[in-house]
Amino acid sequence: MSHASILQKIRDIRPLHQAHARVIVSNLSENVFLCNRLMNAYASCGLVSKSQIIFSQIPSKNLVSWTIFLSGLKKNDRFFEVAEVFNEMMVLKIRPNDITIATVLPAFGKLGRVLLGKSVHCYWIKRNFGGNVFVETGLVDMYSKFGCMRIARNVFDNMTVRNVVSWNAIISGYSNNGYGGEALQMFRWMKRNGLSGDIFTAMSLISLEDFRLGIEIHSLVVRSGYENDPLIRTALMGSYINGNFVDDAYRIFKGITKKDLVAWTLMLKGFSKSGNWRRTLEHFKKMMGEDKIALDYVSLITMLSGCSCFGALEQGRGMHGLVLKTGFQDDLFVGSAVIDMYANCASMIDAKKYFGGMVEKDVVCWNTLISGYGMIGRGNEAIDTFLKMKSSGVSPDESTLVSVLCACSHAGLVEQGLRIFDQMTKVWHLIPSLKHYACVVDLLGRSGRINDAYSLTKRMHLQPGLEIYSSLLTACKIHRNFELGDEISQKLVELNPNDAGHYILLSNMYALAGNWDCARMSRVSLKSNNLKKNPGLSSMEINGEMFTFMASQIDHPHYLEIRDFLQGLILKIKAAGYEPDTNSVLLDVSDDVKRDILFHHSEKLAIAFGLMKTKPGSVVRITKNLRICDDCHIASKFVSKVYARVLIIKDANRFHVFRDGICSCRDWW
DNA sequence: TTAGGGTTAG
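Quick caveat, the model's predicted, so the values are computed rather than measured.

What counts and how
- Residues numbered from 1 in each chain as written.
- Chains lettered and ligands numbered in written order.
- Predicted model: local features only at pLDDT ≥ 70, side-chain atom pairs only at ≥ 80, totals over all residues.
- Heavy atoms only, no water.
- Axes fitted to C-alpha atoms, helices over the stretch in contact; angles between N-to-C directions.
- Helix = DSSP H or I, 4+ residues; strand = E, 2+ residues; numbered from the N terminus.
- Parallel < 35°, antiparallel > 145°, perpendicular 65-115°, else oblique.
- Left-handed = near helix turned anticlockwise from the far one by under 90°.
- Contact = heavy atoms within 4.5 Å.
- Nonpolar A, V, L, I, M, F, W, Y, C, P; charged D, E, K, R; others polar.
- Salt bridge = Lys/Arg side-chain N within 4 Å of Asp/Glu carboxyl O.
- Buried < 20%, exposed > 50% of the residue type's maximum accessible area, 1.4 Å probe, protein only.
- UniProt positions renumbered as here; feature names shortened; annotations may be inferred.
- Pairing = 2+ DSSP bridges.
- Domains from an automatic or database assignment.
- Patch = residues over 30% accessible without salt bridge, like charges linked within 9 Å, V, L, I, M, F, W, Y side chains within 5 Å.
- Areas by Shrake-Rupley, 256 points an atom, 1.4 Å probe, with all protein chains shown as cover.
- Polar contact = N/O pair within 3.5 Å; in protein donor to acceptor, adjacent residues only side chain to side chain.
- Near = heavy atom within 4 Å.

## Comments concerning the packing of helix α11 (residues 164-176) against helix α13 (residues 199-206)
Contact geometry for α11 and α13: axes closest at 9 Å, N-to-C directions at 15°. In terms of their interaxial angle, α11 and α13 are classed as roughly parallel. For the pair α11 and α13, the crossing hand works out as left-handed. Note on element contacts: α13 touches α11 through F200, T201, S204 and L205, opposite N168, I171, S172 and S175. Of the residues assigned to the contact of α11 with α13, the class counts are three nonpolar, five polar and no charged.

## A few points about the pattern of salt bridges
Applying the stated criterion to the full structure yields 22 salt bridges. For the salt bridge of E282 with R278, the shortest nitrogen-to-oxygen distance reads 2.8 Å. Placement of both E282 and R278 in helix α18 (residues 277-288) is noted, with a separation of four residues, approximately one turn of the helix. Classification of R278 as exposed rests on a relative accessible area of 53%. The closest approach of N and O atoms between R446 and D442, which form a salt bridge, is 2.9 Å. Placement of the pair is R446 and D442 together in helix α27 (residues 434-446), with a separation of four residues, close to one helical turn. By the burial criterion, R446 is buried, and D442 matches it. Each of E415, R449 and D452 takes part in one network of salt bridges that share partners.

## Quick notes on the UniProt feature "repeat: PPR" (unreviewed entry) in chain A
Under the present numbering, the feature "repeat: PPR" (unreviewed entry) in UniProt falls on residues 62-96, 163-197, 260-294 and 362-396. Within the segment residues 62-96, helix and strand shares are 74% and 0% respectively, and the terminal C-alpha atoms sit 11 Å apart. Along residues 362-396 one finds 74% helix and 0% strand; the C-alpha atoms at either end are 10 Å apart.

## Regarding the packing of helix α19 (residues 297-310) against helix α21 (residues 332-344)
Between two packed helices, what matters for the description is the angle formed by their axes and the separation of those axes. At a minimum axis separation of 8 Å, α19 and α21 run at an interaxial angle of 15°. With respect to α21, the element α19 is oriented roughly parallel. Where α19 crosses over α21, the handedness of that crossing is left-handed. Listed contacts from α21 to Y297, I301, L304, C307 and S308 of α19 are F333, V334, A337, V338, D340, M341 and N344. Within the contact of α19 with α21, the residues separate by chemical class into nine nonpolar, two polar and one charged.

## As for the pairing of strand β2 (residues 545-550)
With six bridges connecting them, strand β1 (residues 537-542) and β2 associate as antiparallel partners. Considered in β2, the bridge of S539 is made with T548. Where β1 folds back on β2, the antiparallel hairpin that results is connected by two residues, among which N543 adopts a positive phi of roughly 50°.

## Quick word on the domain arrangement of chain A
What the domain assignment lists for chain A is domain 1 (1-55), domain 2 (453-533) and domain 3 (537-663). For domain 1 versus domain 3, the distance between C-alpha centres works out to 69 Å.

## Remarks on unusual backbone geometry
One non-glycine residue, K93, adopts positive backbone phi at about 60°. Within the secondary structure, K93 is located in the loop between α6 (79-91) and α7 (98-111). What makes K93 exposed here is its relative accessible area of 72%. Its identity is not glycine, yet R480 carries a phi of approximately 55°, on the positive side.

## Quick notes on a nonpolar patch on the surface
A surface patch of nonpolar side chains, amounting to about 300 Å² of accessible area, comprises Y297, V298 and F333. Along the chain, Y297 turns up in helix α19. Exposure remark for Y297: the relative accessible area of 36% places this residue in the partly exposed category.

## A closer look at the environment of S144
With respect to the helices and strands, S144 occurs in helix α9 (residues 133-146). Sequence-wise, S144 and V48 are 96 residues apart; in three dimensions their C-alpha atoms are separated by 28 Å. Not counting chain neighbours up to four residues away, the residues in contact with S144 comprise M149, A152, A169, G173 and N177. A polar side-chain atom of S144 sits 2.7 Å from the main-chain carbonyl oxygen of V140.

## Things to note about the protein's contact with DNA strand B
In the vicinity of DNA strand B, 40 residues are found, and the nearest of them are L231, Y297, S336, S399 and K435. The sugar-phosphate portion of DNA strand B accounts for 43% of its atoms within 4 Å of the protein, the bases making up the rest. Contact between DNA strand B and S336: a base oxygen at 2.4 Å from a side-chain N or O atom of the residue. At 2.6 Å from a base nitrogen of DNA strand B is found a side-chain nitrogen or oxygen belonging to K435.

## Observations concerning the sheet that holds strand β3 (residues 620-624)
Strand order in the open sheet formed by six strands is β2-β1-β3-β4-β5-β6, and the pairing between neighbours is mixed. One side of each edge strand has no neighbouring strand; the edge strands of this open sheet are β2 and β6 (662-663).

## Points about the side chain of K477
Examined against the element boundaries, K477 turns out to sit in helix α29 (residues 466-478). With near-sequence residues (within four places) excluded, K477 lies in contact with L505, N508, M509 and L512.

Put into structure tokens, the structure is as follows:
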């Protein structure tokens, strides 16, 4: 057999090294044809560096050498280098052919290199002699990854030849971009064209989370013989987790004989998404212990983001340690997850320290740090960080503006926020989105300029949506503007009749206005629509263990000791001047009942438990899933003074740091 | 030429 045909078949490293040695011994190491085959074989074994060395030593590279080198990089997920090498080709005026183009398009899609992708598309149109199903499918896939579904569809519609891969590209494109209906329509159209779909089609359809498709997908999976395919199973798990059916996902997980990293990581997300931190931790320990799974950057990010959501600082520090141990400290994604974890655990010193130690910082890292300062009410430091970011040469993006505006809003820096908004839109030519407008409405509304906020929503070039009206309604509630509040609430309910939050806000507002009939009516419509209010939960981590408290939860394992402690606590803070704010109880009941409800708020249970179980003088950290109520806010200030403790409470919006009778939010929230 | 898990802002 010739050297060439041997090389084509080799897919193992050892025989490949032997064959390579023979090529060298036979004095053939300058033969382009053989070198190309060698490069291909090395890349297929995952040894891109070898392939790179051979490529650099070929004296007269041809187009095939370049294409094989690019394809090796792509096969090994080295997309950034694909773009670099392709650019080099362009500089050297080497003209790519159809195969080269079909090779690089997916890399451009994954990298989000829109301009580069479009210019290659133009080049291909100019020199095209007819259709090419590989290039066209690559284009459909690339534009789908860019989120440009119109262009993707246009390319797809103009294809003269389509295979199952082309159909999969357009179906997954629609599915990944949130167009479930269109994905389904294309699937039906594909079937009418005589194609039944394969495992890729099934994966895209599974991720649609449309359970009505169940039987159809199931039969497709069975027919294609992939019923037990681990990929199909993990896709199903993901779908269940997105739909909040964690136990169903876990059932599938248990049935997988060889569980890989993706399956393990998915369950981490599932447990933490369902609010079960204890189970998340148990799962993680199992994953690290008995199954000895090596962590990668995605699994690290998943755990870090869990610690961040639950405010689990001790566990978070442990994860930080694992980041260093596994060598991911220079990864940008992991970096922003670490910064976010520290920021969400109210430890800005650690967040800033990690940020400072990063070799390279991208826009997400900066944004994370800015919003971290924002959440804790350190608005000036957020603005300062924003200015440093600009002078360091990193361009702000849409999220930067959201982070800065939020920070200004939390700190009451109205003029500064408005100035930055003005500058970003006029000088940086950033087109404001609904989110930006929602931030500005929030900024104006909180400071009492409700009319300015309202007229902005009428002036802007976009149709106001849920976000804008929610911000307005919150402002109406804070500043007791019941008339406008009523008008806005009606709009919110019309826009989304299934959101319990709007009914609650409306009911609370009527209650504040003393209009108990309307308040009751709003709660009745909540019930008649079968909607449930999210229960208020406060949680805290003590010695790495998470404790969760729900309002009036008398069956809590620590209830009796908490109740006794709480009685003493109330007496002590009352002696210091605390008066229960019964207005915070938006129910039409007697003052005695109101006080009883107030004293059993989840925050107060958590505070009592925290004071009992932690060392005197140490910081008590609590995370609440909803906004902290007025009375708990007042009580926390007294507790911080009377017990000489720092209380850090994170609510749905921001942090409140109570120290010596004062809150860091300066009662601005 | 198509594939499952991931970071910021509300």
